[in-house]
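For reference, the chains in residue letters:
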Amino acid sequence: MKNFDFWIRRIHSLSGVIALGAFLLEHIFTVSTVMGGPANFDKSVAALAAMPFLVPIEIIAIGLPIAFHGILGVVYALKAKNNPLRYGYWNNWMFYLQRITAYIAFIFIIWHVWTLRIVGKAMGGHLIGYDFMHKVLSDPLTFGFYVIGLLSSVFHFTNGLFGFSITWGIVSGPRGQRVVSIATLALFVLISSVGLTALTHFVK
Amino acid sequence: MAETKKKVHFIIERQDGPNSQPYTEEFEVDYRPALNVVASLMEIQKNPVTKDGKKTTAVVWECNCLEKVCGACMMVINGKAQQACAALIDHLEQPIRLTAARTFPVVRDLMIDRSVMFESLKKIHGWVDVDGTWEVHNDAPRQNPKTATIAYEISRCMTCGCCMDACPNVNQSSEFIGPAPMAQAHLFNLHPIGEYQKEERLDALMEKGGLASCGNSQNCVQACPKEIKLTEYIAKLNRDTNKQALRNLFNK
Ligand code: SF4
Ligand code: SF4
Ligand code: FES
């Protein structure tokens, strides 16, 4: 196919924002219903579980895009010679962090899905709900890993929006790029504070 | 009269041939006002004796214009790729570390082989086709003076490779052609006759190792000694290639 490599890279970018980004927002939103109390959280989990065609949707709209974006992303990231120590510019650090958080998020997501969705729900038949999450997150090490995983995923998403806006030619000038850069940073602070607050509600 | 002369201390990474192991040697050069790195290397060449008095071979490097125009003298000075002829000693922290820009194959010492950049210019059709066998325009082609200003800025690129060395995505394990050739594609796309090959250039930029391999680290724009707004043109090219990719998908 003509422009094959180009399209693969563009779909990589699209999958990151449209599939993964949208799911991340939905996920943090669902989880943050815990702020309204354990029962509230259990209700939203049950509502999601009652969704028709849940498994195909999970696989096609979430699982495959994550695998595609993650595996291809690792291949791309491994080709870079990271040099923020030589060229310590802000954007270069962001470029570097984008890759570091990608590796962390990649491992975190595999573990998160494996322990909860696959071993926890599909195989072990745990009831995924407040009680179970309370038990899981009461272990300080696990809690710490969740914090790191959350921050990495959110950073990778919001900072990814900066790259996205350039990749798709939405902003080109330095002023426009700076505005987007600040806006994505603000978004990072906003989304991660929601996520972190939600996490603390599980161990209250 | 017993005043000790101020010295400039260099730590230079040397390499005897393309495949030999690099090693370092230290040198001291007498300070003088407005001394730059190329002039210091010339002093070392006249008297190739290391700091500890050991006789050695002259350090090899490249230079031509001595005024930041030809691009030849690019090397890594204190960690950053730059033009040695424009690197004033007064602006550098000592000891001054010189290494070859290892993003490119090293020929010897500080001398590198930048031919990959010229190959990339061929790939992106970095010229205007006028063969004289057909009439291009009845009158001289016109260019909006605003566009001409941008074109002038990009046309000052001297293929030095600073941007290439700074770019994290340009290296010997990646196919990425890097920022300089991409900006040149944009330059020729802006030209009233060069524009006729815009599609070919954009198609070339959509090949493997083209524009999509840029990771937006934006080091290139910081590194460019000619202050070419590389990231701005990369974003513009993103816009152009996206449109071209859709055209290729739906119109062909
Ligand atoms: S913006 Fe793109 S081309 Fe420029 S240094 Fe970064 S990755 Fe390289
Ligand atoms: S764009 Fe700038 S840094 Fe890159 S080769 Fe041209 S002059 Fe050198
Ligand atoms: S000698 Fe020409 S740029 Fe330095």
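Everything numeric here is computed off the predicted structure, so don't read it as measured data.

Trainee: Help me out: how do you make sense of the site of ligand 1 in this one?
Mentor: Taken together, the residues surrounding ligand 1 are Cys 167, Phe 176, Pro 179, Cys 214, Gly 215, Asn 216, Ser 217, Gln 218, Asn 219, Cys 220 and Ile 234 of chain B. Of the residues in the shell around ligand 1, the class split is 6 nonpolar, 5 polar and no charged.

Trainee: I tried to follow the interface of chain B and chain A on my own but got confused; where do I start?
Mentor: Many authors give the size of an interface as the accessible area that is lost as the parts come together. Counting residues at the interface gives 43 residues for chain B and 31 residues for chain A. With both sides pooled, the region where chain B packs onto chain A buries about 3100 Å², and carbon together with sulfur makes up 48% of that total. Counting the surface chain B buries against chain A, the share from its top three residues, Ala 212, Asn 216 and Asn 242 of chain B, is 16%. In this assembly, chain B and chain A are joined by 2 salt bridges. When the shortest N-O distance is used, the salt bridge between Lys 79 of chain A and Glu 175 of chain B registers 3.2 Å. Where chain B touches chain A, the interface holds 25 residue pairs in polar contact (both at pLDDT 80 or more). Put simply, the parts of the chain that give the side of chain B that touches chain A at least two residues each are β4 (80-83), α4 (162-166), α7 (219-223) and α8 (230-250) of chain B.

Trainee: Honestly, the site of ligand 2 in this entry has me stumped. Any pointers?
Mentor: Residues in contact with ligand 2 amount to 13 residues; listed here are only the nearest, Cys 157, Cys 160, Gly 161, Cys 163 and Cys 224 of chain B. Taken together, the residues that form the shell around ligand 2 break down as 10 nonpolar, 2 polar and 1 charged.

Trainee: I'm lost on the environment of Ala 58 of chain B in this one. Help?
Mentor: Here Ala 58 of chain B shows up in the loop between α1 (37-46) and β3 (74-77). Ignoring sequence-local partners within four residues, the contact set of Ala 58 of chain B consists of Arg 14, Gln 45, Pro 48 and Asp 109 of chain B.

Trainee: Help me out: how do you make sense of the side chain of Ser 120 of chain B in this one?
Mentor: Position of Ser 120 of chain B among the secondary structure elements: in helix α2 (residues 115-123). Sequence-distant contacts of Ser 120 of chain B, defined by excluding residues within four places in its chain, comprise Ile 177 and Pro 181 of chain B.

Trainee: I'm lost on the confidence of the model for chain B in this one. Help?
Mentor: Low-pLDDT stretches of the model should not have their predicted coordinates read in fine detail. For chain B, per-residue confidence averages 94 on the pLDDT scale, and 95% of positions sit at 70 or higher. Among the scores for the predicted complex, ipTM is 0.89 and pTM is 0.92.

Trainee: Explain the domain arrangement of chain B here, please?
Mentor: Residues and elements named next belong to chain B. Entries for chain B in the domain assignment read domain 1 (7-112) and domain 2 (115-250). A separation of 31 Å is found between the C-alpha centroids of domain 1 and domain 2. Taken together, the contact between domain 1 and domain 2 spans 14 residues of the former and 13 residues of the latter. Taken together, both faces of the contact between domain 1 and domain 2 bury some 1100 Å²; the carbon and sulfur share is 58%. Of all residues in domain 1, the largest losses of buried area upon contact with domain 2 belong to Lys 68, Thr 103 and Phe 104, amounting jointly to 49% of the total for that side. Summed over the shared surface of domain 1 and domain 2, the number is 0 salt bridges. Where domain 1 packs against domain 2, one counts 5 residue pairs in polar contact (both at pLDDT 80 or more). Put simply, the parts of the chain that give the side of domain 1 that touches domain 2 at least two residues each are β3 and β4. With 3 residues, β4 is the single largest residue contributor to the side of domain 1 that touches domain 2. Grouping the amino acids of the side of domain 1 that touches domain 2 by side-chain chemistry returns 8 nonpolar, 4 polar and 2 charged.

Trainee: Would you explain the sheet that holds strand β5 (residues 96-99) of chain B in this entry?
Mentor: Hydrogen bonding along the main chain pairs the strands of a sheet, whether they run parallel or antiparallel. Residues and elements named next belong to chain B. Within the open sheet, the 5 strands sit side by side as β2-β1-β5-β3-β4. Their pairing is mixed. Lying at the two open borders of the sheet, with one neighbouring strand each, are β2 (23-30) and β4. For this sheet, the mean inter-axis angle between neighbouring strands, taken without regard to orientation, is 35 degrees. In this structure, β3 lies alongside β4, joined through 4 bridges in antiparallel fashion. Bridge pairing in β4 places Val 76 opposite Ala 81. Against the sheet, α1 makes contact with β1 (7-14), β2, β3 and β5, and its axis sits at roughly 100 degrees relative to β2, the strand it touches most.

Trainee: Any chance you could explain the pattern of salt bridges here in plain terms?
Mentor: Pairs can form between side chains of opposite charge once their charged atoms are near each other. The final tally for this structure, using the stated rule, is 16 salt bridges over all chains. Between Asp 5 of chain A and Arg 9 of chain A there is a salt bridge, with the nearest N and O atoms lying 4.0 Å from each other. In this pair, Asp 5 of chain A and Arg 9 of chain A are both assigned in helix α1 (residues 4-32), 4 residues apart and thus about one turn of the helix distant. An identical accessibility class is assigned to Asp 5 of chain A and Arg 9 of chain A; each is buried. Measuring nitrogen to oxygen at the nearest pair gives 3.0 Å for the salt bridge that ties Glu 119 of chain B to Lys 122 of chain B. Taken together, the residues Glu 119 of chain B and Lys 122 of chain B, both in helix α2 and 3 residues apart, mark about one turn of the helix. Residue class for Glu 119 of chain B comes out partly exposed when judged on its relative accessible area of 40%. One connected set of salt bridges, linked through shared partners, spans Arg 14, Glu 25, Lys 54 and Asp 109 of chain B.

Cut-off values and rules
Residues numbered from 1 in each chain as written. Chains lettered and ligands numbered in written order. Predicted model: local features only at pLDDT ≥ 70, side-chain atom pairs only at ≥ 80, totals over all residues. Heavy atoms only, no water. Near = heavy atom within 4 Å. Nonpolar A, V, L, I, M, F, W, Y, C, P; charged D, E, K, R; others polar. Contact = heavy atoms within 4.5 Å. Buried area = accessible area lost by both parts, 1.4 Å probe. Salt bridge = Lys/Arg side-chain N within 4 Å of Asp/Glu carboxyl O. Polar contact = N/O pair within 3.5 Å; in protein donor to acceptor, adjacent residues only side chain to side chain. Helix = DSSP H or I, 4+ residues; strand = E, 2+ residues; numbered from the N terminus. pLDDT = per-residue confidence, 0-100. Domains from an automatic or database assignment. Pairing = 2+ DSSP bridges. Axes fitted to C-alpha atoms, helices over the stretch in contact; angles between N-to-C directions. Buried < 20%, exposed > 50% of the residue type's maximum accessible area, 1.4 Å probe, protein only.

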